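So the chains spell out like this:
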Number of protein chains: 2
Amino acid sequence: MNQSNENILDSLSLPFESVLLPDERDKLYSSTNKVEYSKRDIIIKQSARVSEIPLILSGLVKISREMRRGKNVILRIAQPGSYLGLSSIFGSDVYEYSVFALENVTVRFIDIETFSWLIKKNGLFGMEVVKQISADNIFNINRLSSLLYKQLPGRVADIILYFSEDIFKSETFSIPLTRQELAELAGTTKESLIRTLSEFKHDKIIDMNRNSFKVNSMHIIKTLSRLG
Amino acid sequence: MNQSNENILDSLSLPFESVLLPDERDKLYSSTNKVEYSKRDIIIKQSARVSEIPLILSGLVKISREMRRGKNVILRIAQPGSYLGLSSIFGSDVYEYSVFALENVTVRFIDIETFSWLIKKNGLFGMEVVKQISADNIFNINRLSSLLYKQLPGRVADIILYFSEDIFKSETFSIPLTRQELAELAGTTKESLIRTLSEFKHDKIIDMNRNSFKVNSMHIIKTLSRLG
DNA sequence: AAATGTGATCTAGATCACATTT
DNA sequence: AAATGTGATCTAGATCACATTT
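A quick note: this is a predicted structure, and the numbers were derived from the prediction, not measured. (Residues numbered from 1 in each chain as written. Chains lettered and ligands numbered in written order. Predicted model: local features only at pLDDT ≥ 70, side-chain atom pairs only at ≥ 80, totals over all residues. Heavy atoms only, no water.)

*Asks:* Sorry if this is basic, but what is going on with the interface of chain B and chain A here?
*Replies:* Taken together, the 42 residues of chain B in the interface contact 42 residues of chain A. Of the roughly 3,600 Å² buried where chain B meets chain A, counting both sides, 71% is carbon and sulfur surface. Per-residue buried area on chain B facing chain A is highest for Ile141(B), Leu148(B) and Tyr149(B); these three make up 18% of the total on that side. Counting the contacts that link chain B with chain A gives zero salt bridges. Where the side of chain B that touches chain A is concerned, the elements lending two or more residues are β4 (61-68), β5 (71-78), α3 (86-91), α4 (112-121), α5 (123-149) and α9 (218-227) of chain B. Per-element tally for the side of chain B that touches chain A: the top contributor is α5(B), with 22 residues. (Contact = heavy atoms within 4.5 Å. Buried area = accessible area lost by both parts, 1.4 Å probe. Salt bridge = Lys/Arg side-chain N within 4 Å of Asp/Glu carboxyl O. Helix = DSSP H or I, 4+ residues; strand = E, 2+ residues; numbered from the N terminus.)

This is the structure:
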């Protein structure tokens, strides 16, 4: 299953390639190379000089900002099919966050020079990049400002919604993160995250067993998320 | 002074126009119109359908996200010379935040259709837009994640640094915001903001008189910012 | 042994209720 | 009267110190 899944995703076309001319498309493909990672491997390291654009072909990754030793904020969980680190590449000269494999992950790396050349040469491609970075920016503003003003139950409801609606598109799912990582996604400590999840379970809002979750009352989760 | 200042800035070229051909430049200019605002006026309203790109020609504005009735986060203070709301325009179909005039402000509005057409037609223009949105994104990630994990003295030191280094480029400055707004910039309440500023004053780190500030020890402010 | 979980305690900053200043 | 500021009190969630589970 894992393999066939990887094969399907490996044959993914590069995002935005539909707006490219055949020779542009060939040039873009020829500037890429593919790497396999195992669970917990680091794919890109915050503060390293930017050199390539990673595109996840299969597997989930976490995008994490190291605030200081041992203190991290997980910005988002990324799925196959979108370019990562675009805003670091064009708005900085170092990666502004780290990317880690949460499971076995295949990554295609794209050369920055070729990518930049394409933005300048093909305006439709440039427009797609503009849209992608804009959507990333709005996602970040939304998530981080919610973390900033919502109380813990609202933030934990948010991450349950995030996995259920955005990542797994199901009310039953298994989260490939430790409790510590879930806490970094909710902007809290592991103890507080654990207590809040336990309360949700006690109140029958969710079922939870290790990393398996089931949302029993999506309505209550959404209310908690909304009220913050 | 105010008037001559406005005249200088009014003659600002549009950002990125240097990469445009003469006819592109003319088309861009012809799609704009200019509006004057007074202190406290709203320039763009969160959740309104996006229609134009505002470019501040003179004066300072606050970019503010309304989280719920009466609960706001100020994302940043914007100065003359950069396009606002780009990521809302290309990543959403409504403005993701409001923009208010902090003093008398002149704004040139640019038609979105013309702007989009230029991104697609002229790749160099597209690349400039990509760079601007990327830099905005990194700024937001930096600021919001700092608000998320730093303690209050570090956050207040951050906003003092922000005004001193980014906005006014001086150790003496007058902040055109109420204490409530400063609190929204620091992610706290007005009472806590006032107390923290009073402590800084008591400890002789800053001088403060109404809205006039002077940084006495930039070193301590930077240390507080760094230690968070 | 590393991750998960629990109970006791602490504390930064929010909230509340006013007084003072502009 | 709206903005600024102060003091008293409260509380959400952090921290600490372990026990339990995988």
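So that's the structure; there's more coming.
*Asks:* In this structure, what is going on with the protein's contact with DNA strand D? I would like to understand it.
*Replies:* Contacts to DNA strand D come from 17 residues, most closely from Leu152(A), Thr188(A), Ser192(A), Arg179(B) and Arg195(B). Taken together, the sugar and phosphate atoms account for 63% of what DNA strand D places within 4 Å of the protein. Between DNA strand D and Thr188(A) there is a distance of 2.6 Å, counted from a phosphate oxygen to a side-chain nitrogen or oxygen. Interatomic distance of 2.8 Å between a side-chain N/O atom of Arg179(B) and a phosphate oxygen of DNA strand D. The biggest single contributor to the surface near DNA strand D is helix α8 (residues 190-202) of chain B, with five residues. Grouping the constituent residues of the surface near DNA strand D by class yields three nonpolar, six polar and eight charged. (Near = heavy atom within 4 Å. Polar contact = N/O pair within 3.5 Å; in protein donor to acceptor, adjacent residues only side chain to side chain. Nonpolar A, V, L, I, M, F, W, Y, C, P; charged D, E, K, R; others polar.)

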